[in-house]
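Residue-level structure breakdown
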Amino acid sequence: MNFSSLPLDVVDRILTCLTDFKTLSAALRTSKHLIYSVFRDHPISITRAIAINLAGPALPQALRAIRMKTMMENDLALALVPSESALENRTLTRDIASKVEANAPIAHGLEDLFSMKYKDRTSRTSQLTDNESLQFQKALYRTWAIASLVSAWCMNDLYNDEDDEENSDDDDDDMDPSQKRLLALLLQQLQLFSNQELREIHDITLFLRFAIGMVVSQRYPHFPFSFMGSNFALYEPNLIWPVLNRECYKNFETYKIRTLHDTIYSGLLRNAMSQLWEERKVKPDTWLLAPSKVFVENAKGTQDTCDRCNAVGGLDLFGRSNFDLWRRNHYIQHFFENMFLPGHLSRNAVITQWLECLKHADAAGYRTFKFDELADDIYEIAEEQDGPGAWSRDAWYCTECVNELFKRHFWRWILAARRKEGEPVKDDCWYGYECRTMTHKTEHAEKLNHLCVPTRGTGVVTAAQ
Ligand SMILES: [Zn+2]
Ligand SMILES: [Zn+2]
């Protein structure tokens, strides 16, 4: 039996199983007669089925986030945003469907990261149970909706106001009328949710705070604003996802992130939340600062210990699957500084200029440097230097131990990588990485190799490698 002789209801069934709308368009183009006529007869049910395949059972929440954003962008009244239940069976327009398609991979990607961070560090794809996953997705889209609201508000209103800095106080009475209106809107939105759902939203904001930290640490030498002081973040996931996922900093909207940060940090969300807890007579306790507790029932390996120092590290141990979490927990600048460079290497311009390769990006702005390969190489060097079994790429180490690995061997990796690139072998400077001359005489820094242990001078004593 060939495709064109399939009964219509079978074709309908096949179309409802498609994983995205791109595939549907392709199918419609290939068979104008059969597929097109089936779709023409059932456009609503097929579109909806594909949207569910994309967003999962959190589709109503996904739709509400989209509606919220559209409303805010078009300055429409918030009251017009339908409730989640009203969206359960609403017909999807082509435009909405394509937004569901654009947002779903972001929501799934964030779930993968969440799972690796809080549920199972050994897997890069989500290990959340079906139920955990649904709760996560719902809460993520709800947070997304609120973030769109705040974001649009800030862009249109608050930051046209020059005096804003002075109003960044927690106290309601010090708020300007615009901030008060935003707080009221936030409250109105948050009030739609049960205590449990609010806790989940709160948990998502803690997680987004962690995610944005991973992004910002790689973009700036040091955080340009008091980001670390804030516990939660209310960013639209689509704003940070491309940067988070593929490290594309080209269109990274620093201004927007910063503006939002200042607003949220100024306490609006915190204000709204605590006001609600008070009204509902809920005592916000320790979970306020402990993400994931709401979503994850049985995290894997919480009592696991570091393979080197035996400290209990649990989900904060690092290995092959989650090496990136360790790396992006550091400022990119740490690789240029004494944190990982011994002696005076951080002031050797020949070395630091070469290290710029860590930041290289392609024409589209995506980082091209492969940190996983760097890790592979460093483990290999470490095993050679410290003896077999001292380090293993397949072991799990705590932050301190991975830091130690880099402190001991990162400079050796630089030497090896440069030689691999064809850098001619130069004589070692006697003073090695402790040489002071290399920090102010470029000619000297270029002429001799300084990626070596000192054999003369004070450095010899300290460099007991
Ligand atoms: Zn350790
Ligand atoms: Zn020297």
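Residues numbered from 1 in each chain as written. Chains lettered and ligands numbered in written order. Predicted model: local features only at pLDDT ≥ 70, side-chain atom pairs only at ≥ 80, totals over all residues.

Naming follows an unreviewed UniProt entry, where the protein appears as F-box domain-containing protein of Antrodiella citrinella.

1. What to know about the overall build of the protein
Inclusion rule: Helical segments are the DSSP runs of H or I of at least four residues, strand segments are the runs of E of at least two, and each set is numbered from the N terminus. In this scheme every C-beta is placed from the backbone, and a residue whose C-beta has 20 or more other C-beta atoms within 10 Å is buried, one with 12 or fewer is exposed, and one in between is partly exposed. Our contact criterion uses C-beta atoms placed from the backbone: two residues qualify when those atoms are within 7 Å.
Across its full length, the protein carries 18 helices and zero strands. Within the protein, buried positions represent 36% of all 465 residues. In the protein, the share of contacts with a sequence separation of at least 24, taken over all contacts with a separation of at least 6, comes to 69%.

2. Overview of the nonpolar core
When a protein is soluble and globular, its nonpolar side chains tend to lie buried together. Cut-off, in case you're wondering: As used here, a nonpolar core is made of buried Ala, Val, Leu, Ile, Met, Phe, Trp, Tyr and Cys residues. They are joined through C-beta atoms within 7 Å. Where each domain starts and ends follows an automatic or database-derived domain assignment.
By size, the foremost hydrophobic cluster in this structure holds 70 residues, and its most contacted members are Ala62, Val150 and Ile240. The element that contributes the greatest number of residues to this core is helix α7 (residues 130-156), accounting for twelve residues. Shared between two domains, this core holds at least three residues of each, these being domain 1 (3-41) and domain 2 (57-289). If you look at the next biggest cluster of nonpolar residues, it comprises 29 residues, including Phe318, Phe335, Trp396 and Phe406.

3. As for unusual backbone geometry
Within the chain, Glu247 stands out as a residue other than glycine whose phi angle is a positive 50°. You can see Glu247 is positioned in the loop between α10 (237-246) and α11 (254-265). Backbone geometry places Lys281, a non-glycine residue, at a positive phi of 55°.

4. Here we look at helix α12 (residues 268-279)
For clarity, the cut-off: Here the expected length of a helix is defined as 1.5 Å per residue gap, with one fewer gap than residues. Within this analysis, the arc is defined by the directions that extend from the helix axis to the C-beta atoms.
Helix length check: α12 (twelve residues) gives 17 Å between terminal C-alpha atoms against 16 Å at 1.5 Å per residue, within 8%. Those residues of α12 lying buried are Leu268, Leu269, Ala272 and Met273. One side of α12 holds all its buried residues, which, seen down the axis, span an arc of 130°. Two residues or fewer past α12, Lys281 is found with a positive phi of approximately 55°.

5. Some words on the packing of helix α1 (residues 8-16) against helix α3 (residues 34-41)
What counts here: In this analysis, axes come from line fits to C-alpha atoms, helices being fitted only over the stretch in contact, and the angle between any two N-to-C directions falls in the range 0 to 180 degrees. Oblique is the label for any angle not covered by the other classes, which are roughly parallel (under 35 degrees), roughly antiparallel (over 145) and roughly perpendicular (65 to 115).
In the contact formed by α1 and α3, the axes pass within 10 Å of each other and the chain directions differ by 80°. Taken together, α1 and α3 sit at an angle that is classed as roughly perpendicular. In contact with Leu8, Val11, Asp12 and Leu15 of α1, α3 contributes Leu34, Ile35, Val38 and Phe39.

6. Looking at the packing of helix α15 (residues 371-386) against helix α16 (residues 399-420)
The criterion, for reference: Each residue receives one of three labels: charged for Asp, Glu, Lys and Arg, nonpolar for Ala, Val, Leu, Ile, Met, Phe, Trp, Tyr, Cys and Pro, and polar for the others, Gly being one of them.
Axis separation between α15 and α16 bottoms out at 9 Å; the angle between their running directions is 105°. It follows that α15 is roughly perpendicular to α16 by the angle criterion. Here Leu374, Asp377, Ile378, Ile381, Ala382 and Gln385 of α15 lie close against α16, whose contacting residues are Leu405, Phe406, Arg408, His409, Phe410, Arg412, Trp413 and Ala416. When the residues that make up the contact of α15 with α16 are grouped by side-chain class, the tally is nine nonpolar, two polar and three charged.

7. Notes on the confidence of the model for the protein
The predicted coordinates should not be examined in detail at positions where pLDDT is low. Counted only if it meets this: Confidence of the predictor at the level of single residues is captured by pLDDT, which takes values from 0 to 100.
Overall, the predicted model of the protein reaches an average pLDDT of 86, with 85% of residues at or above 70. Counting contacts from residues 161-171, a segment whose pLDDT is below 50, to residues more than four positions away or on other chains yields 13 contacts.

8. With respect to the environment of Asp427
Examined against the element boundaries, Asp427 turns out to sit in the loop between α16 and α17 (442-447). For Asp427, a count of 9 C-beta atoms within 10 Å gives the class exposed. If sequence neighbours within four positions are ignored, Asp427 has contacts with Leu448 and Asn449.

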